[in-house]
Amino acid sequence: MLPLSPADEYLVAVTAATALGLLFAAAVLLPRRPTWYVREFLRTDWKYLGVAWLVADRLPSLAEANHVARTYTDAVYALDGGLVAGVQSVASPPLTWALAGFYLVVFPVLVPLTYLVLKSYASERAARRYAVSYVLVVLLATPFFLLTPVSIPALYPPANVDPLVFVTPEVEAGMLATDSMLKAFPSLHTGLSVLAALYARKTTRGYARAAGAAAAVIVVSTVYLGMHWPVDAAAGGVLAGVAYVLGHRIPPESVLPFPGYHRIVARLRD
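Residues numbered from 1 in each chain as written. Predicted model: local features only at pLDDT ≥ 70, side-chain atom pairs only at ≥ 80, totals over all residues. Heavy atoms only, no water.

**Examining the overall build of the protein chain**
Rules: Helix numbers and strand numbers start at the N terminus; a helix is a DSSP run of H or I with at least 4 residues, a strand a run of E with at least 2. Partly exposed residues are those whose accessible area sits between 20% and 50% of the maximum for their type, while under 20% is buried and over 50% is exposed, using a 1.4 Å probe and protein chains only. Throughout, a residue-residue contact means that at least one pair of heavy atoms, one from each residue, lies within 4.5 Å. Note on areas: Shrake-Rupley, 1.4 Å probe, and residue coverage restricted to the protein chains presented here.
When its secondary structure is counted, the protein chain shows 13 helices and zero strands. For the protein chain, with 270 residues in total, the buried portion stands at 44%. For the protein chain, restricting intrachain contacts to residue pairs at least 6 apart in sequence, the fraction spanning at least 24 positions comes to 87%. Surface accessibility of the protein chain: about 13,600 Å² in total, with carbon and sulfur atoms responsible for 67%.

Written as structure tokens, this is what we have:
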């Protein structure tokens, strides 16, 4: 077997940890047998989860290919000043590892898990609305990534912020290989975790509390780890609220997996 590069080791480790976390959380929280969720995914969920994943994976990557002539980090730093450095004044290795775990693993578990919990305890339509809102958060954020790129605090020398998110050399190599670090504003980690917490209120009281607590820790982690400015987090929260409201006004079936899908399927069946 060929040895993996540090960046590949990071991707394998994060993917494995996320998969194990999702399986464990599903086994504890979901009321139905795994076979039911597999059948539901093959029946209909692939359309909603698949499009949400594609949008989140591909649209922000447009910024990676965007040759940035200038960034707006100076303006953001003028607003936030030394807030990130102030948050990092309480840094300690245990706290750093814990918050890195929330940022790197709990976040990618929380987002798809909320869809499954909504489908189990709320309704299939509520889960679909969540998928629509998820796509809207990414769509609303992408123009900012393209037109007003902002560097993360950890890579902006005047801020005097440590890149605490790089808890190992593998994490550093993996993150720098897959991200330009110029998409700080707005924070998708904040937007999507807050969105999950908003929708979690439609499920059980226990999950709503757990999702709300997890979202709060994730938001704090984005600043503490040097990945986002406070204004990034605030903007991400606003996007989540807008997407939540719009998601309840747009019929999910009219836009996912893409506009006109059901008309095309109906014609093919005829």
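Now that the structure has been shown, the text picks up again.
**Considerations on the environment of I250**
Counting through the fold element by element, I250 comes out in the loop between α11 (230-247) and α12 (252-255). For I250, a relative accessible area of 26% gives the class partly exposed.

**What to know about a nonpolar patch on the surface**
Which entries qualify depends on this criterion: Residues enter patches when their relative accessible area tops 30% and they take part in no salt bridge; the joining distance is 9 Å for like charges and 5 Å for the nonpolar side chains Val, Leu, Ile, Met, Phe, Trp and Tyr. For salt bridges, the criterion is a side-chain nitrogen of Lys or Arg within 4 Å of an Asp or Glu carboxyl oxygen.
A contiguous nonpolar surface patch, about 410 Å² in accessible area, is contributed by V38, F41, L42 and W46. Turning to its location among the elements, F41 is positioned in helix α2 (residues 34-58).

**Considering the nonpolar core**
Selection criterion: Working definition of a nonpolar core: buried Ala, Val, Leu, Ile, Met, Phe, Trp, Tyr and Cys residues. They are joined through side-chain atoms within 4.5 Å.
L110, Y115, Y130, Y134, L195 and Y207 are the most contacted members of the largest nonpolar core, which has 44 residues in total. With twelve residues, the top contributor of residues to this core is helix α7 (residues 124-147). Not counting residues up to four positions away in its chain, the partners in contact with Y134 are A52, A56, V111, L192 and L195. By size, the runner-up hydrophobic cluster in this structure holds 28 residues, among which are Y103, Y156, L164 and A235.

**What about the pattern of salt bridges?**
Side chains bearing opposite charge may pair, as long as their charged atoms lie close to each other. Tallying each qualifying case throughout the model produces six salt bridges. Across the salt bridge formed by R43 and E40, the nearest N and O atoms sit 2.7 Å from each other. Taken as a pair, R43 and E40 lie in helix α2 at a separation of three residues, close to a single helical turn. Classification of E40 as buried rests on a relative accessible area of 11%.

**Some words on the side chain of T142**
Our working definition: In the analysis that follows, any N or O atom pair within 3.5 Å is treated as a polar contact, provided that within protein one partner can donate a hydrogen and the other can accept it, and provided that, for residues neighboring in sequence, both atoms belong to side chains.
Position of T142 relative to the elements: it lies in helix α7. Here the side chain of T142 touches V138 through a polar contact of 2.8 Å, landing on its backbone oxygen.

**Observations concerning the side chain of E40**
Within the local environment of E40, its side chain forms a polar contact with the side chain of R43, the two groups lying 2.7 Å apart. If sequence neighbours within four positions are ignored, E40 has contacts with D45, K119 and E124.

**Description of the environment of A235**
Within the secondary structure, A235 is located in helix α11. Residue classification places A235 among the buried residues on the basis of a relative accessible area of 15%. With 47 residues separating them along the chain, A235 and L188 place their C-alpha atoms 9.3 Å apart. The contact partners of A235, leaving out residues within four places of it in the chain, are F185 and P186.

**Points about the packing of aromatic side chains**
Given two aromatic rings, one states the distance between the centres and the angle between the planes to describe the pair. To keep things clear, this is the line we draw: Classification of ring pairs rests on two measures: the distance between centres of Phe, Tyr or Trp rings, Trp counted by its six-membered ring, which must be within 6.5 Å, and the angle between planes, read as stacked under 30 degrees, edge-to-face over 60 and tilted in between.
A full pass over the atoms with the stated rule returns seven aromatic pairs. Considering the side-chain rings of Y156 and W229, the 5.9 Å spacing of their centres and the 75° angle between planes classify their relative orientation as edge-to-face. Here W229 lies in the loop between α10 (205-224) and α11 and Y156 lies in the loop between α7 and α8 (169-178), a separation of 73 residues in the sequence. The exposure class of Y156 is buried, given its relative accessible area of 13%. Residue class for W229 comes out buried when judged on its relative accessible area of 0%. An aromatic cluster is defined as three or more aromatic residues linked by ring pairs; in this entry it consists of Y77, Y156 and W229.

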